[in-house]
Amino acid sequence: MAASINGVGVGVGLGLSCSKAKAIPSSRSSCFRVKMTVSVEDKKKNYTLQKSEEAFNAAKNLMPGGVNSPVRAFKSVGGQPIVFDSVKGAHMWDIDGNEYIDYVGSWGPAIIGHADDKVLAALAETMKKGTSFGAPCLLENVLAEMVISAVPSIEMVRFVNSGTEACMGVLRLARAFTGREKIIKFEGCYHGHADPFLVKAGSGVATLGLPDSPGVPKAATYETLTAPYNDISAVENIFNSNKGELAAIILEPVVGNAGFIPPTPDFLEAIRRLTKENGALLIFDEVMTGFRLAYGGAQEYFGITPDLTTLGKIIGGGLPVGAYGGRREIMEMVAPAGPMYQAGTLSGNPLAMTAGIETLKRLKEPGTYEYLDKITGELVQGILDAGKKTGHAICGGYISGMFGFFFTEGPVYNFEDAKKSDTAKFGRFYRGMLEEGVYLAPSQFEAGFTSLAHSSEDIQKTIAAAERVLSKI
């Protein structure tokens with residue numbers, strides 16, 4: 001269910017304007033600026049990251065920047081990156097023994113909670129048969145049937161090993177099917193680190209302030225055209241200037257890699273209309289939103305069916321996975337059914353399939369998305385109210401188990417609006433929340449996630465922590 005708070009457009013939850021959003025009374029506006037009151041408290045004496053610091057310093061001599069994915073290095077928030085030891089439910093523990101309420105969820109997959117007992121038990125049984133076959137297994141059929149029955153656009157699916165790989169494959173497929181090369185992507189949207197997508201990208205590219213990545217040939221991005229998200233006139237202008245040349249539009253139906261930014265009313269519908277009128281394909285990158293906004297993803301939630309869809313994260317239940325799928329006539333171009341080549345050694349491996357199957361079973365149970373909507377709404381409203389009370393400009397929103405907030409008055413409709421946020425303030429807030437035992441995404445430009453394992457107590461503790469931190473920064 002959607003909800004929105006004045007000042008930021010959102011699809012579901014509090015935030016940006018969306019045709020599916022519920023209005024929130026202006027007295028509870030999502031963007032505030034009032035006189036600030038400051039209270040000073042001593043820092044918790046028992047919070048230490050000594051072991052994390054030692055481990056991270058060693059890691060910097062072993063891996064670039066000490067990490068295997070850039071945002072983990074805390075470059076945009078400052079402070080000591082945390083080295084974790086274990087997870088369970090909605091909680092995480094670092095190697096210093098600190099416990100955190102987790103709102104990252106392994107960047108989205110942990111929608112039913114970390115280390116779910118049923119998932120672990122199923123994995124244990126599957127491992128007795130082997131971890132990888134490099135050949136077909138029955139579990140691929142089972143998960144494929146579940147995905148096809150759930151996602152409106154998917155009639156056939158190809159499993160891969162990551163969201164990046166899924167987006168690489170779907171782009172090649174769109175070009176093969178249409179016989180065209182140019183694509184449109186949106187500023188701040190992130191579709192993995194393949195060369196054609198590293199143009200005005202979000203996620204770690206936005207977090208680190210990188211304009212475009214060195215090492216990407218101009219020829220690789222020459223056919224990638226960009227437009228501001230939620231700006232339909234910009235998209236129309238691109239189509240008019242490139243008649244008969246555009247293969248596809250690819251977008252996050254709800255942006256999560258520039259912070260949480262939902263579509264404005266009629267934006268997705270207009271994009272769908274333009275692609276049909278111009279013989280181009282519409283691709284929804286639902287690596288993040290798939291099975292999170294609704295069981296059938298953003299396309300079910302908004303009632304807009306694309307031609308092709310990419311998935312990841314949740315469909316692997318915490319194991320490496322990706323997928324792309326769509327109309328049968330398009331998918332039958334993929335080898336070996338057709339001439340468009342794509343392959344993968346570990347694609348469809350039994351462990352990822354098992355974890356995905358068990359996760360989707362849980363998500364299909366009654367009340368799942370109503371619960372996610374309830375707790376996420378309480379969380380975001382509580383943080384925004386705390387911002388109002390302590391005198392900060394803040395706006396935010398949510399849809400089901402996905403949320404975000406910005407330290408700016410808003411509204412936030414696109415990446416340029418998001419960049420108006422006070423990122424230095426976010427860094428101070430972030431570090432303060434760590435000391436309070438709350439783990440958020442270490443960037444202003446990343447969405448957050450709740451899970452079925454989050455309790456009302458977790459939410460209330462987080463809100464109380466946010467008010468304490470906001471009163472001091």
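Definitions and limits used
Residues numbered from 1 in each chain as written. Predicted model: local features only at pLDDT ≥ 70, side-chain atom pairs only at ≥ 80, totals over all residues. Heavy atoms only, no water. UniProt positions renumbered as here; feature names shortened; annotations may be inferred. Helix = DSSP H or I, 4+ residues; strand = E, 2+ residues; numbered from the N terminus. Contact = heavy atoms within 4.5 Å. Areas by Shrake-Rupley, 256 points an atom, 1.4 Å probe, with all protein chains shown as cover. Expected span 1.5 Å × (residues − 1). Buried < 20%, exposed > 50% of the residue type's maximum accessible area, 1.4 Å probe, protein only. Pairing = 2+ DSSP bridges. Axes fitted to C-alpha atoms, helices over the stretch in contact; angles between N-to-C directions. Parallel < 35°, antiparallel > 145°, perpendicular 65-115°, else oblique. Left-handed = near helix turned anticlockwise from the far one by under 90°. Nonpolar A, V, L, I, M, F, W, Y, C, P; charged D, E, K, R; others polar. Core = buried A, V, L, I, M, F, W, Y, C linked by side-chain atoms within 4.5 Å. Domains from an automatic or database assignment. Salt bridge = Lys/Arg side-chain N within 4 Å of Asp/Glu carboxyl O.

- In the annotation of an unreviewed UniProt entry, the entry for the protein reads glutamate-1-semialdehyde 2,1-aminomutase, and the organism field reads Corchorus capsularis.
- Listed under Sequence similarities (unreviewed entry) in UniProt, the entry text for the protein is "Belongs to the class-III pyridoxal-phosphate-dependent aminotransferase family. HemL subfamily."
- Recorded under Subunit (unreviewed entry), the UniProt text for the protein is reproduced unchanged: "Homodimer."

## A short note on the overall build of the protein
So, point 1. Within the protein, the regular secondary structure consists of 15 helices and 15 strands.
So, point 2. Long-range contacts, defined here as pairs at least 24 residues apart, represent 72% of the contacts in the protein between residues at least 6 apart.
So, point 3. When the accessible area of the protein is evaluated, it comes to approximately 18900 Å², of which 53% is carbon and sulfur surface.

## Here we look at helix α4 (residues 163–178)
So, point 1. Taking 1.5 Å per residue, 16 residues should reach 22 Å; α4 reaches 22 Å between its end C-alpha atoms and fits that length.
So, point 2. Every buried residue of α4 is listed here: G163, T164, E165, A166, C167, G169, V170, L171, L173 and A174.
So, point 3. Where α4 ends, the next residue or the one after it, G179, has phi of about 70°, a positive value.

## Examining the pairing of strand β13 (residues 402–406)
So, point 1. When you tally the buried positions in β13, you get five out of five residues, the bulk of the element.
So, point 2. The alternating pattern of β13 places M402, G404 and F406 and F403 and F405 on opposite faces, both of which are buried.
So, point 3. Hairpin connection between strand β12 (residues 395–399) and β13: a loop of two residues separates the two successive antiparallel strands, and S400 in this loop has a positive phi of roughly 50°.
So, point 4. Of the pairings in the sheet, the one linking β13 to strand β15 (residues 448–449) comprises two bridges and is antiparallel in character. Among the inter-strand pairings, M402 is bridged to a residue of β15, identified as F449.

## Some details on the packing of helix α12 (residues 368–390) against helix α15 (residues 456–470)
So, point 1. Contact geometry of α12 with α15 gives a least axis separation of 9 Å together with a crossing angle of 15°. Considering the angle they form, α12 stands roughly parallel to α15. Judged by the twist between their axes, the crossing of α12 over α15 is right-handed. Contact residues: α12 offers Y371, K374, I375, E378, L379, G382, I383, A386, G387, K389 and T390, while α15 offers S456, I459, Q460, T462, I463, A466, E467 and L470.
So, point 2. Of the residues belonging to the contact of α12 with α15, the class tally is nine nonpolar, six polar and four charged.

## Examining the sheet that holds strand β7 (residues 224–227)
So, point 1. The sheet built from seven strands is open, its strands ordered β5-β11-β10-β9-β8-β6-β7 with mixed pairing. The outermost strands of the open sheet, each flanked by one partner alone, are β5 (156–160) and β7. Neighbouring strand axes in the sheet, compared pairwise and without regard to direction, differ in orientation by 20° on average.
So, point 2. As defined by bridge partners, strand β8 (residues 246–251) adjoins strand β9 (residues 281–285) across four bridges and the pair is classed as parallel. The partner of I249 across the bridge, within β9, is L282.
So, point 3. Packed onto the sheet, helix α3 (residues 138–150) meets β5 and β10 (308–312) and runs at close to 125° relative to β5.
So, point 4. On the sheet, helix α7 (residues 232–241) packs against β6 (182–186), β7 and β8 and is oriented at approximately 150° with respect to β7.

## Brief notes about the sheet that holds strand β14 (residues 438–439)
So, point 1. Reading across the sheet, the four strands line up as β2-β3-β4-β14 and stay open at both edges, with mixed pairing between neighbours. The two strands at the open ends of the sheet, each matched to only one other strand, are β2 (84–88) and β14.
So, point 2. Two elements, strand β3 (residues 91–94) and strand β4 (residues 99–102), share three bridges in a ladder whose sense is antiparallel. Each residue of the ladder has a partner; that of M92, found in β4, is Y100.

## Structural notes on the nonpolar core
For soluble globular proteins, nonpolar side chains are generally found buried alongside one another.
So, point 1. Formed by 41 residues in total, the largest nonpolar core has its most connected members in F186, V235, I249, L251 and F302.
So, point 2. Taken together, domain 1 (50–114 + 367–471) and domain 2 (117–364) each give at least three residues to this core, which thus spans both.

## Digging into the pattern of salt bridges
Side chains that carry opposite charge are capable of pairing whenever their charged atoms lie near each other.
So, point 1. For the coordinates displayed, the defined rule picks out 16 salt bridges.
So, point 2. A salt bridge links E365 to R362; its shortest N-O distance comes to 3.0 Å.
So, point 3. Among the salt bridges present, the one from K419 reaches E416, with a minimum N-O distance of 2.9 Å.
So, point 4. On the basis of relative accessible area, K419 is assigned to the partly exposed category, the value being 43%.
So, point 5. Residue class for E416 comes out partly exposed when judged on its relative accessible area of 42%.
So, point 6. Salt bridges here are not isolated pairs; linked through shared partners, they connect R272, D307, R327 and E329.

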